[in-house]
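Here is what each chain is made of, one letter per residue.
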Amino acid sequence: MRDPRVVIVRPLVTEKSARVMEEGNVYTFIVSKAANKIEIGHAVEKLWDVKVEDVRTMVYAGKARRAMMGRMSKNRNVGRRASYKKAMVTLAEGDHIEFYEVG
């Protein structure tokens with residue numbers, strides 16, 4: 001089993017993920033591309049001492065983007081955004097994770 005800090009890359013906090021956090025006790029993370037659902041669940045349980053009920057994963061392919069824009073640019077290279085894997089983890093009733101500590 002891999003180290004939990006290798007499996008969980010970072011939490012993903014957006015408007016949608018914050019709403020789902022409040023309504024359904026679901027937390028969103030960017031995870032390693034090689035990680036599976038079982039490893040992700042164990043990593044979250046070990047790092048934050050919570051009980052994981054469900055893990056859903058999604059793989060996003062990197063999109064093409066223009067590196068240089070404008071009519072006068074001679075070198076119109078096309079770049080790519082990085083691809084990533086996202087996991088949505090549902091916690092047991094009563095458990096929660098504090099990403100930001102106030103105070």
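S.K.: What's the story with the pattern of salt bridges in this structure? I'm lost.
M.R.: Side chains carrying opposite charge are able to pair once their charged atoms draw close together. Tallied over the entire structure, the rule returns two salt bridges. Between Arg2 and Glu39 there is a salt bridge, with the nearest N and O atoms lying 2.7 Å from each other. Of this pair, Arg2 sits in the segment before α1 (4–7) while Glu39 is found in helix α3 (residues 37–48), placing the two residues 37 residues apart along the sequence. Owing to a relative accessible area of 16%, Glu39 belongs among the buried residues under this scheme. A salt bridge links Arg5 to Asp3; the nearest nitrogen and oxygen atoms lie 3.7 Å apart.

S.K.: What exactly am I supposed to notice about the pairing of strand β6 (residues 84–91) here?
M.R.: In summary, the side chains of a regular strand alternate between the two faces of the sheet. Along β6, seven of the eight residues are buried, which leaves the element largely enclosed by surrounding structure. Where strand β2 (residues 26–31) and β6 come together, six bridges link them in antiparallel fashion. Bridge pairing links Tyr27 to Val89 in β6. Here eight bridges tie strand β3 (residues 52–60) to β6, and the two strands are oriented antiparallel to one another. Bridging across to β6, Arg56 finds its partner in Met88.

S.K.: Which parts of the structure should I look at to understand the packing of aromatic side chains?
M.R.: Each aromatic ring pair is specified by the distance between its two centres and by the angle formed by the two planes. One pass over the full model with this rule turns up two aromatic pairs. Between Tyr60 and Tyr84, the ring centres sit 5.1 Å apart and the planes meet at 25°, which makes this aromatic pair stacked. Here Tyr60 is found in strand β3, whereas its partner Tyr84 is found in strand β6, with 24 residues between them in sequence.

S.K.: Looking at this model, I keep getting lost on helix α2 (residues 15–24). Mind explaining?
M.R.: The α-helix winds at 3.6 residues per turn, so residues separated by three or four positions along the chain end up facing the same way. Residues Ser17, Val20 and Met21 constitute the buried set of α2. In an axial view of α2, the angular spread of the buried residues amounts to 105°, which keeps them on one side of the axis. For α2, exposure combined with an orientation more than 90 degrees from the buried face picks out Glu15, Lys16, Glu22 and Glu23. Lining the buried residues of α2 we find β2 and β6. One or two steps after α2, the chain reaches Asn25, where phi turns positive at roughly 60°.

S.K.: Help me understand the sheet that holds strand β1 (residues 8–11) in this model?
M.R.: Sheet strands line up and pair through hydrogen bonds in the backbone, either parallel or antiparallel. Taken together, four strands build an open sheet; the order of strands is β1-β2-β6-β3 and the sheet is antiparallel. Each end of this open sheet is capped by a strand with a single partner; those strands are β1 and β3. For this sheet the average axis-to-axis angle between neighbouring strands, irrespective of direction, equals 30°. The strands that α2 touches are β2 and β6; relative to β2, the one it contacts most, it runs at about 140°.

About the criteria used
- Residues numbered from 1 in each chain as written.
- Predicted model: local features only at pLDDT ≥ 70, side-chain atom pairs only at ≥ 80, totals over all residues.
- Heavy atoms only, no water.
- Salt bridge = Lys/Arg side-chain N within 4 Å of Asp/Glu carboxyl O.
- Helix = DSSP H or I, 4+ residues; strand = E, 2+ residues; numbered from the N terminus.
- Buried < 20%, exposed > 50% of the residue type's maximum accessible area, 1.4 Å probe, protein only.
- Pairing = 2+ DSSP bridges.
- Phe/Tyr/Trp six-rings, centres within 6.5 Å; stacked < 30°, edge-to-face > 60°.
- Arc of directions from axis to C-beta.
- Contact = heavy atoms within 4.5 Å.
- Axes fitted to C-alpha atoms, helices over the stretch in contact; angles between N-to-C directions.

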